[in-house]
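Residue-level structural notes
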Amino acid sequence: MYEIDLNLPKQIVADVLSNHEIHSVAFVGCGASMSDLYPAKYFLANNTDKLNVQIFTANEFNYDTPSWVNEHTFVITCSLGGSTPETVEANKTAKKHNCPVVSLTNKAGSALTVDADHVIVHGFHANYAAKAEKPAYAIALALEILQQTEGYDHYEDMITGLTNIFELIENAAHSAKGLAKQFAQDFKDDKMIYFMASGASEKMAYSHAAFLFTEMQWIDAASYNTGEYFHGPFEATEPGVFYFVQLGSGECRPMEERALAFLNTHTDTVMVLDALEYGVGEVPASVRSYLEPIFFYN
C-alpha cells in the first residue's frame with residue numbers, strides 16, 4: 001500500500017515547538033504549490049482556537065511582510081522543483097524574522113532547502129498517488145501543529161484518512177479516465193471554461209483554471225467560489241459557456257448543489273465531478289472535507 005511517513009511531520013513539529021512558542025502559521029508558495037498548501041491552511045484555520053493562520057503568494061510575503069511575522073511564526077513553504085525564486089526568497093525573508101521554516105519539495109538539495117530548518121522531500125512522478133504527497137504532507141504538518149499545541153478531537157480519524165487516501169486516489173484517478181475522455185470530446189472547442197468549488201477545495205478549482213488550462217493548454221479559464229458565484233458572476237451565465245463543478249461531500253456541499261441547480265437551468269454545458277462517486281466516502285466523515293481536495297487534485 002502506498003503511504004507517506006506520518007512520523008516525519010510529527011517529529012518536525014515537535015522539534016520546532018521545543019524551540020519556539022508558536023502564535024502564528026504562514027503557508028507560503030506560488031502558483032500550483034500555493035494551491036496545494038490551501039487545504040492545510042483551511043483545515044488549521046477552521047480548527048484552531050489559538051493560532052493566527054494565513055496563506056501568501058511568496059512575493060506578497062516578501063514585499064509586504066506582516067508585522068506579526070517573527071520568531072513565533074511557523075512558516076511552511078512549498079515548491080515542487082525547489083527552485084521557484086520567489087519562494088526561495090520567502091525562506092530568506094522568514095529567516096530574517098527569526099521564523100522556523102519547513103519546506104516541501106520534490107528535489108533534495110534544491111535552492112529551497114538552503115534556508116529551511118527542516119525539509120520534507122515528497123514524491124511526485126511515480127503514479128497518481130505520488131502526486132498527492134505534497135498536499136498530504138502539508139495537511140499532516142497542519143494536523144501535528146494543531147494536535148501538539150492544543151489538541152484535535154478527530155486526530156485519529158485524520159491519521160486514518162492520510163493513511164488510506166493514497167490507494168483511494170490511485171483508484172479514483174484511473175476510474176475517472178472515462179470521464180476525462182468524454183470531457184475532451186465534448187468540450188475540445190470551448191474557448192472559455194469556468195471551474196467552481198468551495199471550502200477546502202476552492203483553490204483546487206483555481207489551480208485547474210490558472211495552471212492546467214490557462215498555462216498548459218492555452219485555454220482561457222477562471223474559477224469561482226460557489227457562494228460568491230451568486231454575488232455577480234451568475235448574471236452572465238448563458239448557454240454555450242462551459243462550467244465545471246467540483247461537488248464536495250462536506251459542509252459546503254449545499255453551496256455547490258445550489259450553484260449546480262442554477263447552472264442546470266441557465267446553461268447547456270455543465271460537467272460535474274462528484275467526490276462521492278470516486279471513493280471519498282471511505283474517508284472518515286469528520287475529516288473528509290479537508291482531504292477531498294486531494295481527490296480533485298488528482
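Refer to the preceding data block for the structure.
Structural notes, computed from the coordinates. The structure displayed is predicted, hence computed values, not measured ones. (Residues numbered from 1 in each chain as written. Predicted model: local features only at pLDDT ≥ 70, side-chain atom pairs only at ≥ 80, totals over all residues. Heavy atoms only, no water.)

**A short note on the overall build of the chain**
Within the chain one finds 11 helices and nine strands. Expected size for 298 residues packed as a compact globule is a radius of gyration near 19 Å; at 19 Å, the chain falls within 12% of this value. A principal-axis box enclosing the C-alpha atoms of the chain has dimensions of 55 × 40 × 35 Å. Looking at the 298 residues of the chain, the share that counts as buried comes to 53%. Surface accessibility of the chain: about 12900 Å² in total, with carbon and sulfur atoms responsible for 48%. Of the side chains in the chain, 17 bear a positive and 38 a negative charge, and the two mean positions are spaced by 5 Å. (Helix = DSSP H or I, 4+ residues; strand = E, 2+ residues; numbered from the N terminus. Rg over C-alpha atoms; globule rule 2.2 N^0.38 Å. Buried < 20%, exposed > 50% of the residue type's maximum accessible area, 1.4 Å probe, protein only. Areas by Shrake-Rupley, 256 points an atom, 1.4 Å probe, with all protein chains shown as cover. Lys, Arg positive; Asp, Glu negative; His and termini not counted. Charge placed at Lys NZ, Arg CZ, Asp CG, Glu CD.)

**Quick notes on the side chain of Thr113**
Along the chain, Thr113 turns up in the loop between β4 (101-105) and β5 (118-121). A relative accessible area of 18% means that Thr113 is categorised as buried. Once you skip the residues sitting within four places of it in the chain, Thr113 turns out to touch Thr105, Lys107 and Val119. (Contact = heavy atoms within 4.5 Å.)

**Quick word on the pairing of strand β3 (residues 73-78)**
Among the six residues of β3, six are classified as buried, and the element is accordingly described as predominantly covered. Residues Thr73, Val75 and Thr77 line one face of β3 and the alternating positions Phe74, Ile76 and Cys78 line the opposite face, and both faces are buried. Inspection of the sheet shows strand β1 (residues 24-29) paired to β3 by six bridges, in the parallel sense. When the sheet's bridge partners are listed, Val25 is paired in β3 with Phe74. Relative to β4, β3 is paired through four bridges, and the arrangement is parallel. Bridge assignment links Cys78 to a residue of β4, and that residue is Leu104. Between β3 and its parallel partner β4, the chain crosses via helix α4 (residues 85-96), and the hand of that crossover is right-handed. (Pairing = 2+ DSSP bridges. Right-handed = clockwise from strand over helix to strand, strands pointing away.)

**As for the pairing of β1**
Where burial is concerned, most of β1 is hidden: six out of the six residues are buried. Burial of β1 is two-sided: the residues Ser24, Ala26 and Val28 facing one way and the residues Val25, Phe27 and Gly29 facing the other way are all buried. In the sheet, β1 pairs with strand β2 (residues 52-57) via six bridges, with the strands oriented parallel. Residue pairing in the sheet places Val28 in a bridge with Phe56 of β2.

**Focus on the packing of aromatic side chains**
In the structure shown here, the tally under the stated rule is 25 aromatic pairs. Relative to Phe244, the ring of Phe242 has its centre 6.5 Å away and its plane inclined at 75°; by these criteria the two rings are edge-to-face. Counting every residue linked through ring pairs, the aromatic cluster contains Tyr194, Tyr224, Tyr229, Phe230, Phe234, Tyr243 and Phe262. Cation over ring: Lys203 sits above Tyr38, and NZ or CZ is 5.8 Å from the ring centre. (Phe/Tyr/Trp six-rings, centres within 6.5 Å; stacked < 30°, edge-to-face > 60°. Lys NZ or Arg CZ within 6 Å of the ring centre and 35° of its normal.)

**Points about helix α9 (residues 202-215)**
The end-to-end C-alpha distance of α9, which contains 14 residues, comes to 19 Å, matching closely the 20 Å that a straight helix rising 1.5 Å per residue would cover. The largest bend along α9 measures about 30° and falls at His208. (Expected span 1.5 Å × (residues − 1). Bend = angle between axes of the 7 residues up to and from the residue.)

**Some thoughts on the pattern of salt bridges**
Side chains bearing opposite charge may pair, as long as their charged atoms lie close to each other. Scanning all chains against the criterion turns up six salt bridges. Between Lys92 and Asp115 there is a salt bridge; the shortest N-O distance is 3.1 Å. With a gap of 23 residues between them, Lys92 in helix α4 and Asp115 in the loop between β4 and β5 connect regions that are remote in the sequence. For Lys92, a relative accessible area of 34% gives the class partly exposed. Note that Arg253 and Glu257 form a salt bridge whose closest N and O atoms lie 3.0 Å from each other. Here Glu257 and Arg253 lie together in helix α10 (residues 253-266), a separation of four residues that amounts to about one turn. You can call Arg253 buried: its relative accessible area is 16%. Each of the salt bridges in this network shares a partner with another, and the network as a whole consists of Arg253, Glu257 and Asp274. (Salt bridge = Lys/Arg side-chain N within 4 Å of Asp/Glu carboxyl O.)

**So, the sheet that holds strand β8 (residues 242-247)**
Read from one edge to the other, the open sheet built from four strands follows the order β7-β6-β8-β9, with strand pairing classed as parallel. Where the open sheet ends on each side, the last strands, each with one partner, are β7 (220-225) and β9 (270-274). Recorded for the sheet is a direction-independent mean angle of 20° between the axes of neighbouring strands. Pairing geometry for strand β6 (residues 192-197) and β8, over four bridges, is parallel. Among the inter-strand pairings, Tyr194 is bridged to a residue of β8, identified as Tyr243. (Axes fitted to C-alpha atoms, helices over the stretch in contact; angles between N-to-C directions.)

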